[in-house]
Amino acid sequence: MTTVSTLPEVVTVRAPAKVNLELRVGPRRPDGYHGLATVFQAVSLHDEVSVWRSDDWEVVAAGHDADLVPAAPDNIAVRAARLVAERGRVDEALTIRIDKEIPVAGGMAGGSADAAATLLACDQLWGLALDRAELAELAAELGSDVPFPLTGGNLMGSGRGEQLTPVLARGTFHWVFAVSGTGLSTPAVYAEIDRLREQWMDGPVPEPRVSSRIMAALRSGDAQALGSALGNDLQEAAFALRPALRDLCEAGIDFGALGAIVSGSGPTVAFLTASHEAALDLSVSLSAAALCHDIRRAKGPVPGAHVVPAPRTPASNVHS
Ligand code: C5P
């Protein structure tokens, strides 16, 4: 008996945001990127990407900040889909629907999560069965932060952030994210750290290394230890470009957070708390202080991109 496999009409994939528990930035490389040593944690803020065949390339966005999501063809999700089409020799245009929960241009890799989700969704839609290594290779072509959300969890990143290795970790951590109304440009933040280092540093910028403190805190699952080990070399650059972020970090610590850090290139600030209840209390205090545009709570680590069993259909309402 032969089985006829039919390709799905719609595929929906969910992918998580990330926070860099530690982000060490090395010297600027000849290709313009900076060598990194970082530890990523995937957190429970998700974007959902749904793909279906259509006459023309189109991006439809819904959810938080949907109006800030770039249209086709500039959206990284369209570049991701075209890359899979090229690899699979498929000649079809798609509508890509993005349901957003991850802040746009917030330093939480929202665009990268969308790209990772699109890679997996297109692979399923077109029945290509690309393996993990092939998807990771395509992800790295799209951006330094795109491979991480394919896997999720806690991973160490090296190279420009795209080379990933497992990290031994236990426990669940509770986060509060203070989201700004306007994003920061990642290239601008990297350019600012170069400029500041030219002013501050005499010798060459050292090669980046992740601290043993962060690794020990993750191994033990100790939130207090993790809170005091958080570190981000881009933070001073983000503060220089957006001075209010320094006050925001200090306010969160005053309100009882175990640690505060600018997430990636910012401007989102991540606060680590001791428990779900402590995260609720901190959210209330930060809201009352009116220091940021929006507040989200999440836990981490969570798994990486995965197919949602009941896909959103083209007829589903777009709620913005
Ligand atoms: O790889 P991605 O497209 O996300 O990078 C965006 C920009 O961020 C790069 O063009 C570069 O200016 C900066 N960047 C960097 N070093 C990295 C990652 C990103 O300088 N490791």
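Conventions adopted
Residues numbered from 1 in each chain as written. Predicted model: local features only at pLDDT ≥ 70, side-chain atom pairs only at ≥ 80, totals over all residues. Heavy atoms only, no water. Helix = DSSP H or I, 4+ residues; strand = E, 2+ residues; numbered from the N terminus. Rg over C-alpha atoms; globule rule 2.2 N^0.38 Å. Buried < 20%, exposed > 50% of the residue type's maximum accessible area, 1.4 Å probe, protein only. Contact = heavy atoms within 4.5 Å. Areas by Shrake-Rupley, 256 points an atom, 1.4 Å probe, with all protein chains shown as cover. Lys, Arg positive; Asp, Glu negative; His and termini not counted. Charge placed at Lys NZ, Arg CZ, Asp CG, Glu CD. Near = heavy atom within 4 Å. Polar contact = N/O pair within 3.5 Å; in protein donor to acceptor, adjacent residues only side chain to side chain. Domains from an automatic or database assignment. Buried area = accessible area lost by both parts, 1.4 Å probe. Salt bridge = Lys/Arg side-chain N within 4 Å of Asp/Glu carboxyl O. Nonpolar A, V, L, I, M, F, W, Y, C, P; charged D, E, K, R; others polar.

Undergrad: I'm lost on the overall build of the protein in this one. Help?
TA: Of regular secondary structure, the protein possesses 10 helices and 12 strands. The C-alpha atoms of the protein give 20 Å as radius of gyration, which agrees with the globular expectation for 320 residues (20 Å, within 12%). Taking the principal axes of the C-alpha coordinates as reference, the protein spans close to 65 × 45 × 35 Å. Taking all 320 residues of the protein together, the buried fraction comes to 52%. The contacts of the protein with a sequence gap of at least 6 include a subset with a gap of at least 24, amounting to 78%. For the protein, the accessible surface area stands at approximately 14400 Å², while carbon and sulfur atoms represent 50% of it. Averaged over its 26 positive side-chain charges, the protein has a centre that lies 4 Å from the centre of its 38 negative ones.

Undergrad: Just checking my understanding: could you explain the site of the ligand for this structure?
TA: Every residue close to the ligand is listed here: Gly32, Tyr33, His34, Leu36, Gly143, Ser144, Arg160, Thr186, Pro187 and Tyr190. Ser144 places a polar side-chain atom, nitrogen or oxygen, 2.6 Å from an oxygen atom of the ligand. Within the contact set of the ligand, a nitrogen atom lies 3.1 Å away from a backbone nitrogen or oxygen of Arg160. Against a free-state accessible area of 450 Å², the protein chains account for coverage of 74% of the ligand.

Undergrad: Looking at this structure, how should I read the domain arrangement of the protein?
TA: By a frequent convention, interface size equals the accessible area lost on bringing the separate parts together. Domain boundaries in the protein define domain 1 (8-167) and domain 2 (173-300). If you look at the interface, domain 1 gives 33 residues, while domain 2 gives 39 residues. Here domain 1 packs against domain 2, burying approximately 2900 Å² in sum over the two surfaces, 60% of which is carbon and sulfur. Inspection of the region where domain 1 meets domain 2 yields 2 salt bridges. Ionic pairing is found between Asp233 and Arg24, a salt bridge with its closest N-O pair at 2.7 Å. Where domain 1 touches domain 2, the interface holds 17 residue pairs in polar contact (both at pLDDT 80 or more). Sorting the residues of the side of domain 1 that touches domain 2 by element identifies strand S1 (10-28), strand S2 (34-54) and strand S5 (154-158) as the ones contributing at least two each. Classifying every residue of the side of domain 1 that touches domain 2 gives 17 nonpolar, 11 polar and 5 charged.

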